[in-house]
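So you can see what is in the structure, the chains are spelled out below.
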Amino acid sequence: MDGYNFAYLDEQTKRMIRRAILKAVAIPGYQVPFASREMPLPYGWGTGGIQVTAAIIGLADTLKVIDQGADDTTNAVSIRRFFARTTGVATTERTADATIIQTRHRIPERSLRADQIIVFQVPIPEPLRWLEPRETETRKMHALSEYGAMHVKLYEDVARHGRIATAYDYPVMVGGRYLMRPSPIPKFDNPKLDRSPALQLFGAGREKRIYAVPPHTEVYSLDFEDHPFEVQKWEQACALCGAGDSFLDEVIVDDRGGRIFVCSDSDHCGERRAAGHVGAQPDALGQPADKVAP
Amino acid sequence: MMAATPLLQVRGLTRRYGARIGCRDVSFDLWPGEVLGIVGESGSGKTTLLKCLSAQLEPDAGQVVYATRDEGPRDIFALSEPRRRLLMRTDWGIVHQHPVEGLRMGVSAGANVGERLMAVGARNYGRIRASALDWLGRVEIARDRIDDMPRTFSGGMLQRLQIARNLVSSPRLVFMDEPTGSLDVSVQARLLDLLHGLVADLGLSVVVVTHDLAVARLLAHRLMVMRAGSVVEEGLTDQVLDDPQHAYTQLLVASILHP
Amino acid sequence: MYVAVKGGEAAIANAERLLAEKRRGDPAVPELSTAQIEQQLGLAVDRVMTEGSLYDRELAALALKQACGDQLEAVFLLRAFRTTLPRFGASEPIDTARMQVERRISATFKDLPGGQVLGPSFDYTHRLLDFSLLATGGEPPPPAPLGEAEPESMPHVLAMLDREGLIESEIDRRPDAPVPDITRDPMTFPADRAARLQGLARGDEGFLLALGYSVQRGYGRNHPFAGEIRFGAVEVEFVPEELGFAVSLGDVAVTECEMINQFKGSATEPPQFTRGYGLAFGHCERKTMAMALVDRALRARELGEEIDSPAQDEEFVLYHADNVEASGFVQHLKLPHYVDFQAELVLVRGMRRAAEAAAQRARPLAVAAGEE
């Protein structure tokens, strides 16, 4: 794109962001304040993730962008197009082929590798925010590991609902030290955070924070001994590929309450179908053939 | 028998608000199991003193030395903030005059009582709940109120809930600021009885601030009388109330209607 | 009927084309030039420059045109452009005492050196729709009569009070410390006043207006008087390292408001008036007045006042004043959230099933009891 630097940000800004990332990697789960820039995309639409990606992307990278697990949601398309325009790097919809995966609200079903970096878009980085609105106080609580109030919330859930009623953005302890919000991924994805071989970076643009989970770091989802953490389960399998162990989107197919369930991770689903897996209603969405064949 | 070291040693404690004196040059020792009453009319500096003692307010001069469990006597204002905050939520309790200042009004009674346990690492829901139930019983709150929000509680129940929330961590020292001050006369007596019983049963050390000499007489072993920021008289409770020496104390005692 | 929720590249491209068409409107109506916006919608340009933090009338006019007149969208465009600009350095502080004043009023003194200069203002106009403006192509209005020759000096009203010791002196407590730049370093709390003023200067006018108003209505009341409001051009000077002396870069138009507020005094200080300060690009009087009210309210901690109102709460005000941040985050709710929603659906269904099962277990007893 004429008149703009590679990956939009100027090199000084990228260096500033890289310093913040290095600090974040050195202190797993700690929120590093950084001088977030205005981006040409609105705050709350992934500016933190975009800045992190812009700071780490190089010509040799292959970028994948997903939103809700899918590559073809409008915001994922928009961000992928932004990087294609400002860097010219290769983009892909295949998890296996990507070196950088920028994501909103999901972690791909396929296990990530040590040579991959996943960049999360974070709307609200502070896990204690709903318990304590003040930044000055929450920073102190982190510094002193005063996380009792977080368990008060979980206690309330169990007392009221008989279970921990947090379905996404489920709080975790990183490396046994810092309480962290994993961004609004479903808790289904939390186990993928734990000891992942890939570097996991989190960018919050509007709130001006970067944090990280370095490879192979322990990520523990908060719970009680007698109410252990567990992930969502579906009674159904994916209608298209038959997967019984993936996160499913519910798709309403008619106005009489008819609905089917399909993989939220579109690449995972496509890969399975290409490998010959077939669900109960493989043609339910009239998926074009080119989406199925790799 | 008294222990060899006081639990709290206060020396020369002074706090000013600009030119105005909050409290001036207060010194005393508090021994384990002892209940010290601080009396005086409003504006006499007793609440300022309590806030300094309980590390809620930093004094301009003086020392508050607390006998910590593991490291012996330490000036609480020389402790690092993490140590001090840990002390405040485990070894100490603070009962505020208005229970809403000491409670989380947005969570259930059970969560209010269980919070301190969770803050120090309790992670078994069943056991936390059992402790909460036990403590609700001990402060005479019906067990079936455990999941109710504090806003559905009466003033007396709120104050008892605040007491349970503090005592659940087995503190050694409890600070109370006019514990009956926000209550109707009719419920004051019941709360006083309860406090009296708990303090005796648990062997708590207590510093209680009150303007109500009846409260002082029932709870405190020893009294300090404050006026205009200074301690004007101190001694055993009965001694001070039955045979006041200082003119101001005489006035205070005389102002109480005797039946 | 199934509606494809996952859109694609084609949909975005089409949306952009539709927007371009909407922007242009009826092609039978002549296209608006940025020069027209700059000249005839000057106050809109001023607001976009102020909250966009970039003094460039032409680019602000372009942003307004591109944004179809949506001011916050125009501010956003200008900010996103500004962030890519290289920095040469910091200019010398502007000296508003040397302003070429177009307007200068004080509500605290009837007359003062330099006089009251009403200048171009809506203040005393009657707000009656002027139907003659419906017609275009008429003669431009005749030039307004000029006042007396501009006086040499127009000292600040507050500087006069300062000489008497009646108002706190505005002293730079750390003259050697670099001025913080909130666009280069993240805001930390407690924030210093320079960082706060930067946050307020680029803050949303509507938000600051409401907060300033709340102060007047008693939420953090501090008895304000409009000490002085002035608007005009000031020179911007820059000291290039290789020259070592200041050279002029040109003039910028700014509005400045200095509020005077009561202060009861403390143990160490006798009663004195205190200050609230507002400054904005172009002619943004309402904004600078609101800014000055909020600046003063935010000084509560420094002045030892009770903090019990939103306008005095530094984190609340500064974290929520930026309309680029606020507008982005509010509007991000338009983005798909179906993974989170699906997770909630699974949870709520599970809990409802558990509740129904519990009710089932209880029912036979109830029926049995009813039959007795």
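Residues numbered from 1 in each chain as written. Chains lettered and ligands numbered in written order. Predicted model: local features only at pLDDT ≥ 70, side-chain atom pairs only at ≥ 80, totals over all residues. Heavy atoms only, no water.

## Considering the overall build of chain B
When helices and strands are tallied, chain B shows ten helices and ten strands. In terms of overall size, chain B behaves like a compact globule, its C-alpha atoms giving a radius of gyration of 18 Å where 259 residues would be expected to give roughly 18 Å. Along the first, second and third principal axes, the C-alpha atoms of chain B reach 55 × 50 × 40 Å. Sorting the 259 residues of chain B into buried and exposed places 54% on the buried side. In chain B, the share of contacts with a sequence separation of at least 24, taken over all contacts with a separation of at least 6, comes to 66%. (Helix = DSSP H or I, 4+ residues; strand = E, 2+ residues; numbered from the N terminus. Rg over C-alpha atoms; globule rule 2.2 N^0.38 Å. Buried < 20%, exposed > 50% of the residue type's maximum accessible area, 1.4 Å probe, protein only. Contact = heavy atoms within 4.5 Å.)

## What to know about the overall build of chain A
Along the backbone of chain A there are eight helices and twelve strands. Computed over its C-alpha atoms, the radius of gyration of chain A comes to 20 Å, within 12% of the 19 Å expected for a compact globule of 294 residues. Seen along its three principal axes, the alpha-carbon backbone of chain A occupies a region of about 60 × 55 × 35 Å. Across chain A, contacts joining residues at least 24 apart in sequence account for 62% of those joining residues at least 6 apart. Only carbon and sulfur atoms are counted for the fraction: they give 51% of the accessible area of chain A, which is about 10,900 Å². Taking the average location of the 36 positive side-chain charges in chain A and that of its 39 negative ones, the two points are 5 Å from each other. (Areas by Shrake-Rupley, 256 points an atom, 1.4 Å probe, with all protein chains shown as cover. Lys, Arg positive; Asp, Glu negative; His and termini not counted. Charge placed at Lys NZ, Arg CZ, Asp CG, Glu CD.)

## Describing helix α3 (residues 74–87) of chain A
Relative to the 20 Å expected for 14 residues at 1.5 Å per residue, α3(A) spans 20 Å between its end C-alpha atoms, a close match to the ideal helical length. Turning to α3(A), its buried residues are Asn75(A), Ala76(A), Val77(A), Ile79(A), Arg80(A), Phe82(A), Phe83(A), Thr86(A) and Thr87(A). If you follow the buried residues of α3(A), they end up packed against α2 (47–56), β2 (62–67), β3 (90–91), β4 (100–104) and β5 (117–121) of chain A together with α1 (9–24) of chain C. (Expected span 1.5 Å × (residues − 1).)

## Brief notes about the sheet that holds strand β10 (residues 219–221) of chain A
Residues and elements named next belong to chain A. Spatially, the three strands line up as an open sheet ordered β7-β6-β10, and their pairing is antiparallel. Bordering the open sheet on either side are β7 (178–180) and β10, each of which pairs with just one other strand. Pairs of neighbouring strands in the sheet enclose a mean axial angle of 30°, with direction left out of account. One ladder, built from three bridges, connects strand β6 (residues 172–174) with β10; its direction is antiparallel. Its bridge partner lying in β10, Val-174 is registered against Val-219. (Pairing = 2+ DSSP bridges. Axes fitted to C-alpha atoms, helices over the stretch in contact; angles between N-to-C directions.)

## So, the environment of Gly244(C)
With respect to the secondary-structure elements, Gly244(C) resides in the loop between β2 (224–238) and β3 (247–261). For Gly244(C) and Phe122(C), which are 122 residues apart along the polypeptide, the C-alpha to C-alpha distance reads 44 Å.

## Re the domain arrangement of chain B
Residues and elements named next belong to chain B. Here chain B is described as being made up of domain 1 (1–91 + 171–259) and domain 2 (104–170). Here the C-alpha centroids of domain 1 and domain 2 sit 25 Å apart. Of the residues lining the interface, 17 residues belong to domain 1; the matching set on domain 2 comes to 16 residues. Buried area between domain 1 and domain 2, both sides added, is near 1,400 Å², and the carbon and sulfur share of it is 64%. It is Arg-89, Pro-171 and Leu-194 that lose the most area in domain 1 upon contact with domain 2, and together they represent 35% of the buried surface on that side. Inspection of the domain 1/domain 2 interface yields one salt bridge. Between Glu-140 and Arg-190 there is a salt bridge, and its shortest N-O distance comes to 3.2 Å. Summed over the shared surface of domain 1 and domain 2, the result is six residue pairs in polar contact (both at pLDDT 80 or more). Elements with a contribution of two residues or more to the side of domain 1 that touches domain 2: α2 (81–90) and α7 (185–202). A total of six residues in the side of domain 1 that touches domain 2 trace back to one element, the largest contributor, which is α7. Grouping the constituent residues of the side of domain 1 that touches domain 2 by class yields eleven nonpolar, two polar and four charged. (Domains from an automatic or database assignment. Buried area = accessible area lost by both parts, 1.4 Å probe. Salt bridge = Lys/Arg side-chain N within 4 Å of Asp/Glu carboxyl O. Polar contact = N/O pair within 3.5 Å; in protein donor to acceptor, adjacent residues only side chain to side chain. Nonpolar A, V, L, I, M, F, W, Y, C, P; charged D, E, K, R; others polar.)

## Observations regarding the interface of chain C and chain A
By convention, interface size is frequently given as the accessible area that disappears when the constituent parts associate. The interface is formed by 48 residues belonging to chain C together with 63 residues belonging to chain A. With both sides pooled, the region where chain C packs onto chain A buries about 4,600 Å², and carbon together with sulfur makes up 59% of that total. Taken together, the links from chain C to chain A amount to seven salt bridges. Between Arg353(C) and Glu235(A) there is a salt bridge, with its nearest N and O atoms 3.8 Å apart. At the boundary of chain C with chain A, the tally comes to 20 residue pairs in polar contact (both at pLDDT 80 or more). Every element with two or more residues in the side of chain C that touches chain A is listed here: α1, α5 (71–82), α10 (314–320), α11 (323–331) and α12 (338–371) of chain C.

## Thoughts on the packing of aromatic side chains
This structure, assessed with the given rule, holds 17 aromatic pairs over all chains. Ring centres of Tyr170(A) and Phe229(A) lie 4.9 Å apart, and the angle between their planes is 65°; this geometry places the pair in the edge-to-face category. In this pair, Tyr170(A) sits in the loop between α5 (148–161) and β6 while Phe229(A) sits in the loop between β10 and β11 (248–252), placing the two residues 59 residues apart along the sequence. Judged by its relative accessible area of 1%, Tyr170(A) is buried. Phe229(A) sits in the partly exposed class, given a relative accessible area of 21%. Taking 5.1 Å as the distance between ring centres and 85° as the angle between the ring planes, the aromatic pair formed by Tyr55(C) and Phe281(C) counts as edge-to-face. In this pair, Tyr55(C) is assigned in the loop between α3 (42–52) and α4 (57–66) and Phe281(C) in strand β4 (residues 274–281), connecting sequence segments 226 residues apart. Judged by relative accessible area, Tyr55(C) falls into the partly exposed class, the value being 27%. Residue Phe281(C) is classed as partly exposed on the basis of its relative accessible area, which comes to 25%. The ring of Tyr178(A) has Arg177(A) lying over it, and the distance from NZ or CZ to the ring centre is 4.2 Å. Arg138(B) extends its terminal NZ or CZ atom over the ring of Trp135(B), reaching a point 4.1 Å from the ring centre. (Phe/Tyr/Trp six-rings, centres within 6.5 Å; stacked < 30°, edge-to-face > 60°. Lys NZ or Arg CZ within 6 Å of the ring centre and 35° of its normal.)

## Section: the packing of helix α6 (residues 155–167) of chain B against α7(B)
All names here are of chain B. Their axes nearest at 11 Å, the elements α6 and α7 cross at an angle of 15°. Relative to α7, α6 is oriented roughly parallel. Where α6 crosses over α7, the handedness of that crossing is right-handed. Each of Gln-159, Arg-160, Ile-163 and Leu-167 in α6 lies in contact with α7, whose residues at this interface are Arg-190, Leu-191, Leu-194, Leu-195, Leu-198 and Leu-202. Classifying every residue of the contact of α6 with α7 gives seven nonpolar, one polar and two charged. (Parallel < 35°, antiparallel > 145°, perpendicular 65-115°, else oblique. Left-handed = near helix turned anticlockwise from the far one by under 90°.)

## Focus on the domain arrangement of chain A
Residues and elements named next belong to chain A. As far as domains go, chain A holds domain 1 (11–128 + 170–219) and domain 2 (235–279). Here domain 1 and domain 2 have C-alpha centroids that lie 26 Å from each other. Contacts between the two partners involve 14 residues from domain 1 and, on the opposite side, nine residues from domain 2. Where domain 1 abuts domain 2, roughly 930 Å² becomes buried across the two surfaces, and 42% of that area is made up of carbon and sulfur atoms. If you look at where domain 1 meets domain 2, you find two salt bridges.

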